[in-house]
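Structure at a glance
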Amino acid sequence: VTISAATLVAALVIGILLIRSLAHAATTINRGARASETLHRYSARYEVWRSMATSEDSTFRTPAAVTQRDSLRSDLQGELSRYSASLTDQQEKDLVQQVLEGLASTDYQTTNKARQALIILLAREDQALFDAAEASQQGVLLAAVLLALTILAAGMLIVPMAWLYVRYKRGAAIEVKV
């Protein structure tokens, strides 16, 4: 019974670790998914702006297209500034600053550097999602250990009781020491 109790205590500890691990993974996945979605939206809008700003096509030089392009740039600059303010990592802030510099220019090199900075930001968020998936795998391992410990503890309690029950049914006298 003592070994069974120790096994159940170990299962309880593993269960608590499992809950914490899965909660951390869920939080990381939610944060990463939101950031990735936001960055993909920024990237798509940046690509539209970039193609409009650097294109030689005369349709992008009409007053309506220029107004639309400038509006897109202004909105994107505001959103990226707010996004940068929410970041804690200085390298990520520098990457966002490169994107903002790219939006302030139509130079090919500058806009290309800004595009690369967006790709790097997306890669960082993808890495965070992979880290969360790894934490989920650790949760699965902890769940397997929890299940094994629970089965072991139950087996340690049930097998001796079943053995005593069989002996009782066969008519053996069973002494209980207190």
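Structure shown above.
Description of the structure in this document.

Analysis parameters
Residues numbered from 1 in each chain as written. Predicted model: local features only at pLDDT ≥ 70, side-chain atom pairs only at ≥ 80, totals over all residues. Heavy atoms only, no water. Helix = DSSP H or I, 4+ residues; strand = E, 2+ residues; numbered from the N terminus. Rg over C-alpha atoms; globule rule 2.2 N^0.38 Å. Buried < 20%, exposed > 50% of the residue type's maximum accessible area, 1.4 Å probe, protein only. Contact = heavy atoms within 4.5 Å. Areas by Shrake-Rupley, 256 points an atom, 1.4 Å probe, with all protein chains shown as cover. Lys, Arg positive; Asp, Glu negative; His and termini not counted. Charge placed at Lys NZ, Arg CZ, Asp CG, Glu CD. Core = buried A, V, L, I, M, F, W, Y, C linked by side-chain atoms within 4.5 Å. Salt bridge = Lys/Arg side-chain N within 4 Å of Asp/Glu carboxyl O. 1 Å grid on protein atoms, 1.4 Å probe; cavity = no way out; pocket = protein on both sides within 12 Å on 5 of 7 lines; lining within 4 Å. Points joined across faces, edges and corners; volume = space filled by probe spheres on them. Nonpolar A, V, L, I, M, F, W, Y, C, P; charged D, E, K, R; others polar. Patch = residues over 30% accessible without salt bridge, like charges linked within 9 Å, V, L, I, M, F, W, Y side chains within 5 Å. Axes fitted to C-alpha atoms, helices over the stretch in contact; angles between N-to-C directions. Left-handed = near helix turned anticlockwise from the far one by under 90°. Expected span 1.5 Å × (residues − 1).

This part takes up the overall build of the protein. Tallying secondary structure elements over the protein gives four helices and zero strands in all. Written out in order from the N terminus, the α and β elements of the protein read α-α-α-α. On C-alpha atoms alone, the protein measures out to a radius of gyration of 30 Å, which is more than a quarter above the 16 Å that the 2.2 N^0.38 rule sets for 178 residues. Overall, the protein is about 100 × 30 × 20 Å in size when its C-alpha atoms are taken along their principal axes. Buried residues in the protein amount to 30% of all 178 residues. By sequence separation, contacts in the protein at least 24 residues apart represent 71% of the contacts at least 6 residues apart. Surface accessibility of the protein: about 11,700 Å² in total, with carbon and sulfur atoms responsible for 62%. For the protein, the distance from the average site of its 18 positive side-chain charges to the average site of its 17 negative ones is 12 Å.

Turning next to the nonpolar core. Membership of the largest hydrophobic core comes to 21 residues, with the highest contact counts inside it found for Leu39, Tyr42, Tyr46, Leu80, Tyr83, Val96 and Leu103. A per-element tally of this core places helix 1 (residues 2-54) first, with six residues. In this view, Tyr42 contacts Leu76, Glu79, Leu80, Tyr83 and Leu118; residues no more than four positions away in its chain are not counted. In this structure, Ala11, Ile14, Leu18 and Leu149 belong to the second largest nonpolar core, which totals five residues.

Our next topic: the pattern of salt bridges. Following the criterion strictly, the structure yields six salt bridges and no others. One salt bridge connects Glu125 with Arg31, and the closest N-O pair in it is separated by 3.6 Å. Placement of the pair is Glu125 in helix 4 (residues 108-169) and Arg31 in helix 1, with a sequence separation of 94 residues. Take Glu125: its relative accessible area is 5%, and that puts it in the buried class.

With that out of the way, let us pick up the layout of surface pockets. Of the pockets and cavities examined, the largest pocket occupies roughly 170 Å³. Surrounding the largest pocket, Arg31, Arg34, Ala35, Tyr83, Ser86, Leu87, Thr88, Asp89, Glu92 and Glu125 form its lining. For the lining of the largest pocket, the elements supplying multiple residues, two or more each, are helix 1 and helix 2 (63-86). No other element matches helix 1, which puts three residues into the lining of the largest pocket. Considering only residue class, the lining of the largest pocket consists of three nonpolar, two polar and five charged.

In this section: a nonpolar patch on the surface. Taken together, the side chains of Ile3, Leu152 and Met156 make up a nonpolar region of the molecular surface, amounting to roughly 260 Å² of accessible area. Looking at the secondary structure, you find Ile3 in helix 1. By relative accessible area, Ile3 is classed as exposed at 56%.

Take the packing of helix 3 (residues 90-103) against helix 4 next. For the pair helix 3 and helix 4, the least separation of the axes is 8 Å and the interaxial angle reads 145°. Handedness of the crossing formed by helix 3 with helix 4: left-handed. Each of Gln91, Glu92, Leu95, Val96, Gln98, Val99, Glu101 and Gly102 in helix 3 lies in contact with helix 4, whose residues at this interface are Thr110, Thr111, Lys113, Ala114, Ala117, Leu118, Ile120, Leu121, Arg124 and Glu125. For the contact of helix 3 with helix 4, the per-class residue count stands at eight nonpolar, five polar and five charged.

Take Arg50: it is sitting in helix 1. It turns out Arg50 is buried and unbridged, and the closest side chain with the opposite charge, Glu47, is 4.2 Å from it. In contact with Arg50, not counting residues within four places along its chain, are Tyr108, Thr111, Asn112 and Arg115.

On to the side chain of Arg45. Tracing the backbone through its elements, the reader meets Arg45 in helix 1. Classification of Arg45 by relative accessible area gives buried; the value is 19%. Residues in contact with Arg45, not counting those within four places in the same chain, are Leu72, Asp75, Leu76 and Glu79.

Looking now at helix 2. Taking 1.5 Å per residue, 24 residues should reach 34 Å; helix 2 reaches 35 Å between its end C-alpha atoms and fits that length. The elements touched by buried residues of helix 2 are helix 1, helix 3 and helix 4.

Remember, this is a structural readout, not a statement about activity or role.
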